[in-house]
Amino acid sequence: MNPKVAALLIEGQPYISKVPIDPGLTNHTYEKNGERIVGLNTENQELNEELIRFDIIFYVRMRDGLFQIIINIEAQRGDPGEYDILNRATFYASRMISSQKERDFKNSNYDDIKRIYSIWICMDWKENCMNYFHFTDEPVLGSYYWKGKRDLINIVMIGLGKTLPEQSEEYELHRLLGALLSKKLSVERKSDILEEEYDIPMEQELGKEVKAMGSLSEGIKREAFAEGESEIIRKLYQKGFPVEQIASITDKSEDEVRAMIERKELELV
């Protein structure tokens, strides 16, 4: 599909780091013209600023105009180590399905569940790779055909190697994403690759977006630092350091330290 046509099929504005993943918080209920409406929750972000959120999530109207799908895009810097990334992707995909109840389908109308795609862009990976995970139907006994959609859950894992691949049809997507997200390439070099190799004109607004994409890696770095800092605080607490001393060591308030300890303990339950 032509990228310009695909872009027109995106409905509304993509939600970027706004929608919580946590069960019970993904949706928001409100009233409009006396009718109960359930939508994606982008409310009270300041109150819930510590929540884990989908990086990007949006609806796409299919070309037939009849069906919608939901797309989630996640950026991951390196292998997290403490868990397997595919397990996290499966959890995100499952939340995208379960949170549709009362928002995208009502009561027991399970045939109205929308197909979802969770796409993970994993940077600084061991190699350039891409895997597609989805349901398969494997008959064990008999030939009965079970009615239902086999394409509801789709997970795409994209690994971007540490070096930008050479220009080739095989690595077309990886070179595009690698250039956009590179910490090493200048904005000018990124613009050259997009214009010369992908025929994407670098208009002024798009140039700003390329700069923003380059800063994504810095945001991920800060997020990783925050996660590491939280782990250090938890370990100090486990070793018997009082909250007051931990606050002094980490240059945080005692309330911030207590909140980080409680949140980390809840994650481990």
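We now turn to the structure provided with this report. (Residues numbered from 1 in each chain as written. Predicted model: local features only at pLDDT ≥ 70, side-chain atom pairs only at ≥ 80, totals over all residues. Heavy atoms only, no water.)

1. Notes on the packing of aromatic side chains
And then number 1: Summed over all chains, the structure comprises five aromatic pairs.
And then number 2: Each ring, one from Y144 and one from W146, has its centre 5.0 Å from the other, and the planes form 80°; the classification is edge-to-face.
And then number 3: Taken together, the aromatic side chains of F54, F91, Y92 and W120 make up a single cluster linked through ring pairs.
And then number 4: Directly above the aromatic system of W125 lies the positively charged group of K126, at a separation of 5.6 Å from the ring centroid. (Phe/Tyr/Trp six-rings, centres within 6.5 Å; stacked < 30°, edge-to-face > 60°. Lys NZ or Arg CZ within 6 Å of the ring centre and 35° of its normal.)

2. A closer look at helix α4 (residues 187–198)
And then number 1: The end-to-end C-alpha separation of α4 is 16 Å, in line with the 16 Å expected for twelve residues at 1.5 Å each.
And then number 2: Every buried residue of α4 is listed here: K190, S191, I193, L194, E197 and Y198.
And then number 3: Two residues or fewer past α4, D199 is found with a positive phi of approximately 55°. (Helix = DSSP H or I, 4+ residues; strand = E, 2+ residues; numbered from the N terminus. Expected span 1.5 Å × (residues − 1). Buried < 20%, exposed > 50% of the residue type's maximum accessible area, 1.4 Å probe, protein only.)

3. Some points on the side chain of Q76
And then number 1: Secondary-structure assignment places Q76 in strand β5 (residues 68–77).
And then number 2: A distance of 3.2 Å separates a polar side-chain atom of Q76 from the backbone oxygen of G78.
And then number 3: Among all residues touching Q76, those that are not within four sequence positions of it are Y83, I85, R88, W120, I121, C122 and M123. (Polar contact = N/O pair within 3.5 Å; in protein donor to acceptor, adjacent residues only side chain to side chain. Contact = heavy atoms within 4.5 Å.)

4. Here's the deal with the environment of T90
And then number 1: By the secondary structure assignment, T90 is in helix α2 (residues 85–98).
And then number 2: With 64 residues separating them in the primary sequence, T90 and N154 have C-alpha atoms 9.2 Å apart.
And then number 3: At a separation of 2.9 Å, a polar atom in the side chain of T90 contacts the main-chain carbonyl oxygen of L86.

In short, shape yes, function no, at least from these values alone.
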